[in-house]
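Coordinate analysis (summary)
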Amino acid sequence: MKEIFGSASGSSGSTPPAALAAKVRTLVPSMTRSMQRVAETVAADPAGCAALTVTGLAELTGTSEATVVRTARILGYPGYRDLRLALAGLAAQQQSGRAPALTTDIAVDDPIADVVAKLAYDEQQTLADTAAGLDTTQLGAAVSALAAARRTDVYGIGASGLVAQDLTQKLLRIGLIAHAHSDPHLAVTNAVQLKAGDVAIAITHSGSTGDVIEPLRVAFEHGATTVAITGRPDGAVTQYADHILTTSTARESELRPAAMSSRTSQLLVVDCLFIGVAQRTYEQAAPALSASYEALAHRHRR
């Protein structure tokens, strides 16, 4: 089983202030209810909580000192003192106007102009949260594996399947062999053919999609390098992932399913992977990309 929370905090061993709010949104679903109260409280009022002792925060949230310390560690801090320092930093950012207030949900009777504004803000927040929480060490390792891979298989179902297709099309255009699989049977039969030197990528927002986990497990057991792109770093998919890339976990509402915002964060991670690979393989990628543009150019002329 891979380390669930270690990779998310980066190589520094402590989550930077700018990433705290994003980390809370990502990890809250996997916490106990008492830990959720602590995490949500510090994210909602970092200035107030930064002034509290561990005993004070425990009393404020109706929990214990041990729960506060465990929550701090899950959020990526060695102890409560480190969390307080990050809260102070986050409070300073908010006072300087760099941290906007959270948007409200879209209502049935919202004017279309408000819908546009709320969706735009939510998309921006999703991308910012994903960027803040993305472990660049894990990302760099995944890029290295992709750049050297004999073959890459990408698994995704539904909205995640569209992201899988996006990644494979990008890799194909720079001359790399890549296949997207949304049929679970075909995914498993292809995963059996993978071996050391190949890469398998599973894309699942929930981290628990069985049709994506199964082919990743098969690829993992056959020696391929495996990558999970998921909104749940504690999800079952990470059991079989050599590298874990965490996306933002957005709130689901009646009018906006989680699949919409999760796809936004997944596409950001996919773009980061692609650009990283293109940089590593530039001498091969540049002429291949030019050739693909030229081959399609006549289809876009009047």
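Only a predicted model underlies this, so the values are computations on that prediction, with no experimental measurement involved.

Conventions and cut-offs
- Residues numbered from 1 in each chain as written.
- Predicted model: local features only at pLDDT ≥ 70, side-chain atom pairs only at ≥ 80, totals over all residues.
- Heavy atoms only, no water.
- Phe/Tyr/Trp six-rings, centres within 6.5 Å; stacked < 30°, edge-to-face > 60°.
- Helix = DSSP H or I, 4+ residues; strand = E, 2+ residues; numbered from the N terminus.
- Buried < 20%, exposed > 50% of the residue type's maximum accessible area, 1.4 Å probe, protein only.
- Pairing = 2+ DSSP bridges.
- Right-handed = clockwise from strand over helix to strand, strands pointing away.
- Core = buried A, V, L, I, M, F, W, Y, C linked by side-chain atoms within 4.5 Å.
- Contact = heavy atoms within 4.5 Å.
- Salt bridge = Lys/Arg side-chain N within 4 Å of Asp/Glu carboxyl O.
- pLDDT = per-residue confidence, 0-100.

So, on to the packing of aromatic side chains. Throughout the structure, instances matching the rule amount to 1 aromatic pair. Judged by centre distance (6.1 Å) and plane angle (65 degrees), the rings of Phe220 and Tyr240 are edge-to-face. Taken together, the positions of Phe220 in helix α11 (residues 210-221) and Tyr240 in the loop between β4 (225-230) and β5 (243-246) put the pair 20 residues apart, joining distant regions of the chain. The exposure class of Phe220 is partly exposed, given its relative accessible area of 29%.

Pairing of strand β1 (residues 152-156) with strand β2 (residues 178-181) involves 4 bridges; the strand directions are parallel. Bridged to Val154 within β2 is Ala180. In this region the chain leaves β1, passes through helix α9 (residues 159-173) and returns to the parallel neighbour β2; the handedness of that crossover is right-handed.

Further remarks concern the nonpolar core. Of all hydrophobic cores here, the largest spans 28 residues; its most connected members are Leu171, Ile201, Ile229, Leu245 and Leu273. At the level of elements, α8 (136-148), α9, β3 (199-204), β4 and α12 (258-280) are the ones that each hand at least two residues to this core. With 6 residues, the single largest contributor to this core is α12. Non-local contacts of Ile229, meaning those with residues more than four positions away in its chain, are made with Ile201, Ala202, Ile203, Thr204, Leu245, Thr247, Gln266, Val269, Val270 and Leu273. Grouped together as the second largest cluster of nonpolar side chains are 23 residues, Leu57, Ala58, Ala86 and Leu90 included.

A few words on the pattern of salt bridges. For the structure shown, the criterion picks out 8 salt bridges. The residue Arg151 makes a salt bridge to Asp153 at a minimum N-O spacing of 3.1 Å. The same class applies to Arg151 and to Asp153, which are both buried. For Arg217, the salt bridge is made with Glu221, and the minimal N-O distance between the two is 2.8 Å. Taken together, the residues Arg217 and Glu221, both in helix α11 and 4 residues apart, mark about one turn of the helix. Exposure remark for Arg217: the relative accessible area of 22% places this residue in the partly exposed category. Linked by salt bridges that have partners in common, Asp166, Lys170 and Asp271 make up one network.

In this section: the pairing of β5. Here β5 shows a buried face lined by His243 and Leu245 and a second buried face lined by Ile244 and Thr246. Bridging between β4 and β5 involves 4 bridges; their strand directions are parallel. Along β5, the bridge assignment pairs Val227 with His243.

With that out of the way, let us pick up the confidence of the model for the protein. Overall, the predicted model of the protein reaches an average pLDDT of 85, with 86% of residues at or above 70. Taken element by element, the predicted model of the protein shows its lowest mean pLDDT in helix α1 (residues 17-27) (72) and its highest in β1 (98). Confidence drops under a pLDDT of 50 for residues 1-13, and excluding neighbours within four residues, the segment shows 29 contacts in the predicted structure. Across residues 98-103, confidence stays below pLDDT 50; counting only partners more than four residues off in sequence or on other chains, it has 12 contacts.

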